Amino acid sequence: MHETDEQIYAIDHENYVPVFARYDIVLDHGDGVYVYDTHGKKYIDFLGGIAVNVVGHNHKPLVDAVAEQAKKMIHCSNLYYTEVQADAAKKLATLSGLDDAKVFFGNSGAEANEGAIKLARKYATSKDKDKIQIIVANMSFHGRTMATLAATGQAHYHEGFGPLPAGFDYVDFGDIDALAKMMSGKTCAVMLETIQGEGGVHVPPDDYLKKVRTLCDKYDAVLILDEIQCGMGRTGTFFAYEQYGIKPDITTLAKGLAGGVPIGAFVAKGAVAAAFHAGDHGSTFGGNPLACAAANVVLDAVPQKSFLDNVKTVGAYMKEKLEALKEKYPALIKDVRGKGLILGVELTKPGRGIVDACLSEGAIINCTAGNVLRFIPPLIVTKENVDELMNVMENVLPKFA
Ligand SMILES: *Cc1c(COP(=O)(O)O)cnc(C)c1O
């Protein structure tokens, strides 16, 4: 190490845009569900790079695939074909279950959603030029670009950035009557997270998405399900929508898709994707060989039954443990929510202090929406790892109860 932690903080503060409320820790490397700081202190990682490190840190097949691909070719233009991109697209199209599915790769979640929004607009306005309304949910999160900010139903993220792209209307997540009232023949798309992540881990009522699907069919509106956080096996099925017995017209992925190498994707059913012609959309880096080589490893590992079974088993175990904490600390914990390994604990007060305290005790967790502890660990965590985290929480929570 050339610099001390304090020097690194100072360099960052002098040179980096201060948009992240960073924690005072410099991470150095990771292994499985653990990360290590510059002093060799070990942390159990229940954030997983924000739902990114799905196969864990330093996963050998992933590291090897990236290293091998880097030696062959890191990047080539999308003006040419590559085998790794074709393979990744085929795997994702097949997994989606969408009719005649077509895939497009970008570099991030926001880009995946931008592509989905553009495609929905092109598809709908080719039928009726006024069919532009995109209905999104309050407390949603779809990204930080201008259109995905407009799609994000949290006013505080919009402040200071107007004017945002027009045509977005907001409705409460889970309220089917409100959605039905808002929709008409002019509705271009309904865009939802299958399970809301950043907004505080909100799971929809059981029959909600089926009814949304029916409304979209009735008005010929495109159903876009953003699975950037809740997809990639996180709920125990590859896509979360599989558990609700429906299929979207477009779905988006990013975060875990290449296990940490930047990538994003939208998958659209063929009839919708056909609205895009050569030149309508594109990307310089999107789906480049390095990212696709990584994605191929993840797309082979995650759909395996044993992998998904682990998510279900460990997720259910962890939810039980969190519910036991709620029983024990009723004044502190208001609600426990989630499915598989996207779990949220709503507190009666802000959660940052608890996150800080866990960090000093060697556990990385996260707080979102101010007062919701969010657990989105690598999907390879075990019950023993959960016990280890629970020991930390048992030490920390009494100080906040
Ligand atoms: C993280 C996230 C995004 C944005 O992804 P970026 O890669 O940060 O652009 C969009 N939608 C959801 C549901 C997310 O969790």
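Heads up: the structure comes first, above all this text.
Position numbers for residues start from 1 in each chain and track the written sequence from start to end. A pLDDT threshold of at least 70 governs which residues receive local features in this predicted model, and a stricter bar of 80 or more applies before side-chain atom pairs are shown or counted, although totals over entire chains, interfaces and linings include all residues. Excluded from the side-chain calculations are hydrogens and water; all other atoms, namely the structure's heavy atoms, are used.

Engineer: Break down the pairing of strand β12 (residues 342-347) for me, with residues and values.
Structural biologist: A 1.4 Å probe rolled over the protein chains alone gives each residue an accessible area, and that area as a share of the maximum for its type sets the label: buried under 20%, exposed over 50%, partly exposed in between. By the criteria applied, helices consist of DSSP H or I runs no shorter than four residues and strands consist of E runs no shorter than two, each listed in order from the N terminus. Among the six residues in β12, six count as buried, and that is most of the element. Alternating positions in β12 separate into two faces, Ile342, Gly344 and Glu346 on one and Leu343, Val345 and Leu347 on the other, with burial throughout. Two strands are said to pair when DSSP picks up at least two bridges between them. Relative to β12, strand β11 (residues 333-339) is paired through six bridges, and the arrangement is antiparallel. Bridging across to β12, Gly338 finds its partner in Leu343. Counted between consecutive antiparallel strands, the loop separating β11 from β12 contains two residues, among which Gly340 sits at a positive phi close to 60°. Two elements, β12 and strand β15 (residues 372-375), share four bridges in a ladder whose sense is antiparallel. Along β15, the bridge assignment pairs Gly344 with Arg374.

Engineer: Can you break down the environment of Thr284 residue by residue, with the values?
Structural biologist: Along the chain, Thr284 falls in the loop between α10 (270-273) and α11 (289-301). For the pair formed by Thr284 and Leu79, sequence separation is 205 residues and the distance between their alpha carbons is 9.3 Å. Contact partners of Thr284, with chain neighbours within four places excluded, come to His75 and Asn78. In what follows, residue pairs with any heavy atoms lying within 4.5 Å of each other are defined as contacts.

Engineer: An account of α11 is requested, with residue identities and associated values reported.
Structural biologist: How far a helix is expected to stretch is found by multiplying one less than its residue total by 1.5 Å. The terminal C-alpha atoms of α11 lie 19 Å apart, and with 13 residues this matches the ideal 18 Å at 1.5 Å per residue to within 8%. In terms of residue burial, α11 counts as a mostly covered element, since 12 of its 13 residues are buried. Of all the positions in α11, only Pro289, Leu290, Ala291, Cys292, Ala293, Ala294, Ala295, Asn296, Val297, Val298, Leu299 and Ala301 are classed as buried. At its buried positions, α11 is contacted by α3 (60-72), α4 (83-96), β4 (102-106) and α12 (305-328). For α11, the N-terminal capping position is held by Asn288, with its side-chain oxygen 3.1 Å away from the main-chain nitrogen of Leu290. What qualifies as a polar contact is a pair of N or O atoms within 3.5 Å, subject to a donor-acceptor requirement within protein and to the restriction that residues adjacent in sequence count only when both atoms come from side chains.

Engineer: I'd like to hear about the site of the ligand, residue by residue, with values.
Structural biologist: Put simply, a residue is near a molecule or strand once any heavy atom of it comes within 4 Å of that molecule or strand. Near the ligand the following residues occur: Ser108, Gly109, Ala110, Asn113, Phe141, His142, Gly143, Glu193, Asp226, Ile228, Gln229 and Lys255. Measuring from a nitrogen atom of the ligand, one finds a backbone N or O atom of Phe141 at 3.2 Å. Between a nitrogen atom of the ligand and a side-chain N or O atom of Asp226, the distance comes to 2.8 Å. Areas reported here follow the Shrake-Rupley algorithm with a probe of radius 1.4 Å; residue values treat only the protein chains shown as occluding. In isolation the ligand offers 380 Å² of accessible surface; the protein chains occlude 81% of this area. The dominant element in the shell around the ligand, judged by the number of residues it contributes, is helix α5 (residues 109-125), at three residues. Taken together, the residues of the shell around the ligand break down into three nonpolar, six polar and three charged. Basically, the charged four are Asp, Glu, Lys and Arg, the nonpolar ten are Ala, Val, Leu, Ile, Met, Phe, Trp, Tyr, Cys and Pro, and anything else, Gly included, counts as polar.

Engineer: Would you mind going over a nonpolar patch on the surface in detail, with residue names and values included?
Structural biologist: Distance thresholds for patches are 9 Å for like charges and 5 Å for nonpolar side chains (Val, Leu, Ile, Met, Phe, Trp, Tyr), applied to residues having over 30% relative accessible area and no salt bridge. Salt bridges are defined by distance alone: a side-chain nitrogen of Lys or Arg within 4 Å of a carboxyl oxygen of Asp or Glu. On the surface, a nonpolar cluster with roughly 450 Å² of combined accessible area is contributed by Tyr16, Val17, Val19 and Phe20. Residue position: Val17 is located in the loop between α1 (5-15) and β1 (27-31). Taking relative accessible area as the criterion, Val17 reaches 54% and is therefore assigned exposed.

Engineer: Quick rundown of the nonpolar core? Include the residues and the values.
Structural biologist: Residues belong to one nonpolar core when they are buried, are Ala, Val, Leu, Ile, Met, Phe, Trp, Tyr or Cys, and are joined through side-chain atoms within 4.5 Å. Among the nonpolar cores identified, the biggest contains 103 residues, and Leu92, Leu179, Ile365, Leu373 and Phe375 are the most heavily contacted of them. Considering each element in turn, this core owes the most residues, nine residues, to α11.

Engineer: Quick rundown of the packing of aromatic side chains? Include the residues and the values.
Structural biologist: Note on ring pairs: Phe, Tyr and Trp rings are taken, using the six-membered ring of Trp, and paired if centres are within 6.5 Å. Classes follow the plane angle, with under 30 degrees stacked, over 60 edge-to-face and the rest tilted. Scanning the entire structure with this criterion turns up seven aromatic pairs. Measuring from centroid to centroid gives 5.7 Å for Phe173 and Tyr208, while their planes differ by 75°, and the two rings are edge-to-face. With a gap of 35 residues between them, Phe173 in the loop between β6 (168-171) and α8 (176-182) and Tyr208 in helix α9 (residues 208-218) connect regions that are remote in the sequence. The class for Tyr208 is buried, based on a relative accessible area of 1%. Positioned above the aromatic ring of Tyr16 is the side chain of Arg22, whose terminal nitrogen or guanidinium carbon lies 4.8 Å from the ring centre. By the criterion adopted, a ring carries a charge over it if an Arg CZ or a Lys NZ lies within 6 Å of its centre and within 35 degrees of its normal. Above the face of the Tyr34 ring, Lys42 is positioned so that its terminal group lies 4.2 Å from the ring centre.

Engineer: Please give an account of the environment of Gln133 that cites residues and values.
Structural biologist: Here Gln133 lies in strand β5 (residues 133-137). Accessibility expressed as a relative area gives 14% for Gln133, which makes it buried. In this structure, the C-alpha to C-alpha distance between Gln133 and Lys102, residues 31 residues apart in sequence, is 24 Å. Each residue touching Gln133, except ones within four places of it in the same chain, is listed here: Gly167, Asp169, Met182, Met183, Lys186, Thr187, Cys188 and Ala189.

Engineer: Break down the pattern of salt bridges for me, citing the residues and quoting the values.
Structural biologist: Counted by the stated rule, this structure contains 21 salt bridges. Between Lys127 and Asp220 there is a salt bridge; the shortest N-O distance is 2.6 Å. Placement of the pair is Lys127 in the loop between α5 and β5 and Asp220 in the loop between α9 and β8 (222-226), with a sequence separation of 93 residues. In this structure Asp220 comes out as partly exposed when scored by relative accessible area, which is 34%. Taking the shortest distance from any N to any O, the salt bridge between Asp207 and Lys211 comes out at 2.8 Å. A single network of salt bridges, built from pairs that share partners, joins Arg213, Asp217, Asp249 and Lys269.

Nothing here speaks to function; it is all geometry.
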